[in-house]
Amino acid sequence: MDSQRNDTAISRVAGAIAEPARTRMLCSLMDGHARTSTEMAVIADVSASTASAHLARLKEDGLIKLHTQGRHRYFSLADAHVAQAIEALMVISRNAQTAFVSTTPTRLQLARTCYDHMAGSLAVQLHDCFIDSGWLTLSDAGDGMYQLTVQGEKGMTGLGVEIETVRAQRRRFACSCLDWSMRRPHLAGALGAAVLQAVTSRKWVIQDLDSRALALTPKGRKMLYDRFGIKVEDKVLEKSGTAPW
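Model, not experiment: these values are computed from the prediction. (Residues numbered from 1 in each chain as written. Predicted model: local features only at pLDDT ≥ 70, side-chain atom pairs only at ≥ 80, totals over all residues. Heavy atoms only, no water.)

### Here's the deal with the overall build of the protein
Turning to step 1, where the next piece is worked out: Helix and strand counts for the protein come out as 12 helices and 10 strands.
Turning to step 2, where the next piece is worked out: When the 245 residues of the protein are sorted by exposure, 43% land in the buried category.
Turning to step 3, where the next piece is worked out: Within the protein, contacts between residues at least 6 apart in sequence are counted, and of these 57% link residues at least 24 apart.
Turning to step 4, where the next piece is worked out: In the structure as shown, the protein presents an accessible area of about 13100 Å², 54% of it carried by carbon and sulfur atoms. (Helix = DSSP H or I, 4+ residues; strand = E, 2+ residues; numbered from the N terminus. Buried < 20%, exposed > 50% of the residue type's maximum accessible area, 1.4 Å probe, protein only. Contact = heavy atoms within 4.5 Å. Areas by Shrake-Rupley, 256 points an atom, 1.4 Å probe, with all protein chains shown as cover.)

### A word on the pairing of strand β2 (residues 72-77)
Turning to step 1, where the next piece is worked out: Looking at chain direction, strand β1 (residues 64-69) and β2 are connected through six bridges and run antiparallel. Each residue of the ladder has a partner; that of Gln 69, found in β2, is His 72.
Turning to step 2, where the next piece is worked out: Where β1 folds back onto β2 in an antiparallel hairpin, the turn is made up of two residues, including Gly 70, whose phi is positive at roughly 65 degrees. (Pairing = 2+ DSSP bridges.)

### Focus: the environment of His 117
Turning to step 1, where the next piece is worked out: Here His 117 is to be found in strand β4 (residues 117-119).
Turning to step 2, where the next piece is worked out: When its relative accessible area of 1% is taken as the criterion, His 117 is described as buried.
Turning to step 3, where the next piece is worked out: Sequence-wise, His 117 and Leu 191 are 74 residues apart; in three dimensions their C-alpha atoms are separated by 8.6 Å.
Turning to step 4, where the next piece is worked out: At 3.3 Å, the side chain of His 117 and the side chain of Asp 116 are in polar contact. (Polar contact = N/O pair within 3.5 Å; in protein donor to acceptor, adjacent residues only side chain to side chain.)

### Some details on helix α10 (residues 189-201)
Turning to step 1, where the next piece is worked out: For α10, which comprises 13 residues, the first-to-last C-alpha distance of 18 Å matches the rise-based estimate of 18 Å (1.5 Å per residue) to within 8%.
Turning to step 2, where the next piece is worked out: Summarising burial for α10: 10 of the 13 residues are buried, a large majority.
Turning to step 3, where the next piece is worked out: If you check which residues of α10 are buried, you get Gly 189, Ala 190, Leu 191, Gly 192, Ala 193, Ala 194, Val 195, Leu 196, Ala 198 and Val 199. (Expected span 1.5 Å × (residues − 1).)

### Considerations on the confidence of the model for the protein
Turning to step 1, where the next piece is worked out: Looking at the protein as a whole, the pLDDT averages 85, with 87% of positions reaching at least 70.
Turning to step 2, where the next piece is worked out: The secondary structure element of the protein with the lowest average pLDDT is helix α12 (residues 234-239), at 57, and the one with the highest is helix α8 (residues 150-158), at 96. (pLDDT = per-residue confidence, 0-100.)

### Some remarks on the pattern of salt bridges
Turning to step 1, where the next piece is worked out: Across all of its chains, the model carries 10 salt bridges by this definition.
Turning to step 2, where the next piece is worked out: Between Arg 12 and Glu 60 there is a salt bridge, with the nearest N and O atoms lying 3.4 Å from each other. Of this pair, Arg 12 sits in helix α1 (residues 2-18) while Glu 60 is found in helix α4 (residues 48-60), placing the two residues 48 residues apart along the sequence.
Turning to step 3, where the next piece is worked out: Taking the shortest distance from any N to any O, the salt bridge between Asp 179 and Arg 112 comes out at 3.0 Å. Residue Asp 179 is found in the loop between β7 (175-178) and β8 (185-188), and its partner Arg 112 is found in strand β3 (residues 112-114); the two are separated by 67 residues along the sequence.
Turning to step 4, where the next piece is worked out: Members of the salt-bridge network, linked through shared partners, are Arg 12, Arg 57, Glu 60 and Asp 61. (Salt bridge = Lys/Arg side-chain N within 4 Å of Asp/Glu carboxyl O.)

Here is the structure:
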């Protein structure tokens, strides 16, 4: 009976995501921002009444949550698990039988938000640096979870991450998330979110108000190179709409 109930639940959630208008709504919330039903209707290119019906279905299936502030109603993704599921589906949706060539717009491919953490080529390179420098080690359980080393604690603290505050959160501490534009992992979990907050507060990257894109600042470009050896070419910045200087 449990297996049958699980099959039914999975099918229902898959059906909720599968409808194109609802898919557009969910993808639009991947930047971590909450939006009104009116904004969602425009994004999904449907009428206000149709948008309301779609949002009700997504809420009922636990994919989004409602925030009420006075007369205003806002919708956001239910949690990081939903964001990771959508990111994984973006990977699966591409044809795995052909050689992978990313068609992601350069502006999003360089750096973007994945719910509450950073994705894109910069995030993948940072993830690799954390591993190569010995800041993070993979858990022996083979579950994609990471452990922060003593050296990593010092390094993260130097970035402005408050480790004890991050550990106290009731969520996964650090884990991998498959980047759909690069098809390689970036850092997710509470630590991934804290890293994004740190680089944003330090003005290494600036988040767009209306999209998932993160713009790399001249300061961020310098600091990424000085601290991690990550070099972003001028032509990449020009294509992404970020001035190199």
